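Remarks on the overall topology
Next come the chains, spelled out residue by residue.
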Number of protein chains: 2
Amino acid sequence: MKIAVDAMGGDNAPKAIVEGVMMAAKEYNDIEFLLYGKEDSIRKYLTDETNITIIHTDEKIASDDDPVRAVRRKKNASMVLAAQAVKDKEADALFSAGNTGALLTAGLLIIGRIKGIDRPGLLVSLPVIGTENGTFNLMDVGANADTKPENIHQYAILGSYYAQFVRGIKNPKVGLLNNGTEENKGNDVTKRAYQLLANNADINFIGNVEARELLSGAADVVVTDGFTGNAVLKTIEGTAMSMMKLIKNAVYENGTKAKLGGLLLKDSFSNMKDVMDYSKHGGAVLFGVKAPVVKTHGSTEKDAVYHTIKQIHEMLESHVIDDLVHYFEAKETLAE
Amino acid sequence: MKIAVDAMGGDNAPKAIVEGVMMAAKEYNDIEFLLYGKEDSIRKYLTDETNITIIHTDEKIASDDDPVRAVRRKKNASMVLAAQAVKDKEADALFSAGNTGALLTAGLLIIGRIKGIDRPGLLVSLPVIGTENGTFNLMDVGANADTKPENIHQYAILGSYYAQFVRGIKNPKVGLLNNGTEENKGNDVTKRAYQLLANNADINFIGNVEARELLSGAADVVVTDGFTGNAVLKTIEGTAMSMMKLIKNAVYENGTKAKLGGLLLKDSFSNMKDVMDYSKHGGAVLFGVKAPVVKTHGSTEKDAVYHTIKQIHEMLESHVIDDLVHYFEAKETLAE
């Protein structure tokens, strides 16, 4: 399998990207990497070229570039060339830590949607607290700000495939994020989405779930519109960050006794931080396009790059996208 | 001032309600309490009747009653009688820990909206982490699942008054919850709400804020539609709960050393829990109706009842609602 890598995307590019790719290349010798970016900048960090090819380009998309315009005009940007390679079947998947909007645009305009999917969405895997490495999958976390019930229905199918094929969850439970658990709860969009989900026998729909229960594992796949999903994801991040700050204050601003307590709990606290760091489950997948397109945080370090490559490897190995393509083709044939 | 209390609402009623009211009655001798509910049940816990009058009724609204139907049909329910007392000017404010939907309905149908407000919303005050008792005010956290830009604009005016009069924040910063900070970000509703907020010189609009920054105090008043606000509030609660669970595990599941560390940090951790417990700032206000109507969690204990009475006292003492009524009247006169 071949992965096209935008080596110039993100705050720590190309260093973090190159180092993370080398980590992954060492572990997965069935992957060939195509690194798009400035050759001399990349070479500065590339100490082992096994399975790695550089495709030089001077152009790149900046984090504050207008996404659609940048993808249309910067034909030789590292991200655009990497996406083009996927479209041309020279690569099987696209990875970037760059401008999110531009990556969504490149995914949609260059690589293209799976037939049957109206709006690909962003999917992330988040920890289920109290389990050993358990995750739930939240979709959409921000690809589409305005969402129709049918989009949410499609997220449920996509998310189910992802949970099953990539996360190994059998018959994954699908929940609709809502403002109450009763069937009649919600806004206009969720009320109509509920009916679509309840009437689709191909998914294991368990009904509405509330945001309070997400991290406790209320469902394996939680679907919502991209505006709410974005707010929920960022609220989880912000609250976790604030709580870590509170712990720090609890240890450092309460005298010697507390400091000693903190010292004794150092390892436990670092485990705790690790639990909340969801980048170890990979990046955000633009799911619903014809190939794996995966994004990590702009501030990503090499470990997160490595974990994201691992995630892409799992997506390719499981053929989850091929299976989705067949699912929607079969549905279309039935409908004809 | 007189507060009408639904003594029968919530899981711990009437015990928690009566005990909390007695705590408040001891501190605020300018408040008279009207307790609506089953007299003998209330008397079981009422050890001091100073400033407290019981109005007996056998009927009450259950937590699973259909809100609108219950308010319409159960004419003698404790909550309905308490709301009626406010409408009839026998009381100045309404407190309940009962069925949220029913309280919203009673507030809207019995007490009625302030002229100029289309949709009253629910406002809560949440902690700003890293400050001494600092809060920000989030509105709407769930009164209206479907929201128009003009509703959000009204929340901004209401929230500004609340932050200023009740929380003592001068020239409070108003932020619009959005999926990015740039002006052009958002869904259809937030894009249009942005323009309304930016064009209102009566509020200190600072632009879009992201959910990640809420607990860091990005704004004093954060406005959003009731669906997203509900999800954000419940996500904060759920994440904080999960993090407290992680701390507990960190202490109890990592051997003697960690247990000792936990012992040394016991007081600090209990402070931390206290910071996150936002019930000490009072309950959720149904803001935009003609009198203070305030709700606490169904599982509320006497302390939360006491804090909510304190909050209602501040609302009444500051005349925030009278001032809002005048503001909207003046606007109407100008528009004529």
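The following refers to the structure shown. For clarity, every value in this text was computed on a predicted model and none was experimentally measured. (Residues numbered from 1 in each chain as written. Chains lettered and ligands numbered in written order. Predicted model: local features only at pLDDT ≥ 70, side-chain atom pairs only at ≥ 80, totals over all residues. Heavy atoms only, no water.)

**Quick look at the overall build of chain A**
Helix and strand content of chain A: 12 helices and 11 strands. Here the C-alpha atoms of chain A give a radius of gyration of 21 Å, agreeing with the 20 Å that 2.2 N^0.38 yields for 336 residues. Considering chain A as a whole, with its 336 residues, one finds that 57% of them fall into the buried category. Taking as baseline every contact in chain A between residues at least 6 positions apart, the subset at least 24 positions apart corresponds to 70%. Counting every atom, chain A has about 14200 Å² of accessible surface; 46% of that belongs to carbon and sulfur. Taken together, the 38 basic and 45 acidic charged side chains of chain A have centroids lying 5 Å from each other. (Helix = DSSP H or I, 4+ residues; strand = E, 2+ residues; numbered from the N terminus. Rg over C-alpha atoms; globule rule 2.2 N^0.38 Å. Buried < 20%, exposed > 50% of the residue type's maximum accessible area, 1.4 Å probe, protein only. Contact = heavy atoms within 4.5 Å. Areas by Shrake-Rupley, 256 points an atom, 1.4 Å probe, with all protein chains shown as cover. Lys, Arg positive; Asp, Glu negative; His and termini not counted. Charge placed at Lys NZ, Arg CZ, Asp CG, Glu CD.)

**Considerations on the interface of chain B and chain A**
The interface of chain B with chain A comprises 53 residues on the first partner and 53 residues on the second. The contact between chain B and chain A buries some 4600 Å² in all, and 69% of this surface belongs to carbon and sulfur atoms. Sorting the residues of chain B by area buried against chain A places R212, F227 and M243 of chain B first, and these three jointly supply 16% of that buried surface. Counting every contact that joins chain B to chain A gives 4 salt bridges. (Buried area = accessible area lost by both parts, 1.4 Å probe. Salt bridge = Lys/Arg side-chain N within 4 Å of Asp/Glu carboxyl O.)

**Examining the environment of G186 of chain A**
Here G186 of chain A lies in the loop between β7 (173-177) and α7 (188-198). A residue is classified by how much of its surface remains accessible, and G186 of chain A, at 10% relative accessible area, is buried. Residues G186 of chain A and L176 of chain A lie 10 residues apart in sequence; the distance between their C-alpha atoms is 10.0 Å. Excluding residues that lie within four positions of it along the chain, G186 of chain A makes contacts with N178, N179 and K191 of chain A together with A145 and F227 of chain B.

**What about a negative patch on the surface?**
Together, D274, D277, E301 and D303 of chain A line one region of the surface with negative charge. Counting through the fold element by element, D274 of chain A comes out in helix α10 (residues 266-276). (Patch = residues over 30% accessible without salt bridge, like charges linked within 9 Å, V, L, I, M, F, W, Y side chains within 5 Å.)

**Considering the packing of aromatic side chains**
Residues and elements named next belong to chain A. In this structure the tally under the stated criterion is 11 aromatic pairs over all chains. Arranged with centres 5.4 Å apart and planes meeting at 80°, the rings of Y162 and F287 form a pair that is edge-to-face. In this pair, Y162 sits in helix α6 (residues 149-165) while F287 sits in strand β10 (residues 284-287), placing the two residues 125 residues apart along the sequence. Under the relative-accessibility criterion, F287 is labelled buried at 1%. One aromatic cluster is present, built from ring pairs that chain together Y161, F165, Y327 and F328. (Phe/Tyr/Trp six-rings, centres within 6.5 Å; stacked < 30°, edge-to-face > 60°.)

**Here we look at the sheet that holds strand β7 (residues 173-177) of chain B**
All names here are of chain B. The 11 strands lie next to each other as β3-β2-β1-β4-β11-β10-β5-β6-β9-β7-β8, forming an open sheet whose pairing is mixed. What marks the edges here is a single partner per strand, and that holds for β3 (52-56) and β8 (204-209). Across the sheet, the axes of successive neighbouring strands diverge by a mean angle of 25°, strand direction being ignored. Across 5 bridges, β7 lies against β8 in parallel orientation. The residue bridging V174 from the neighbouring strand is F205, located in β8. (Pairing = 2+ DSSP bridges. Axes fitted to C-alpha atoms, helices over the stretch in contact; angles between N-to-C directions.)

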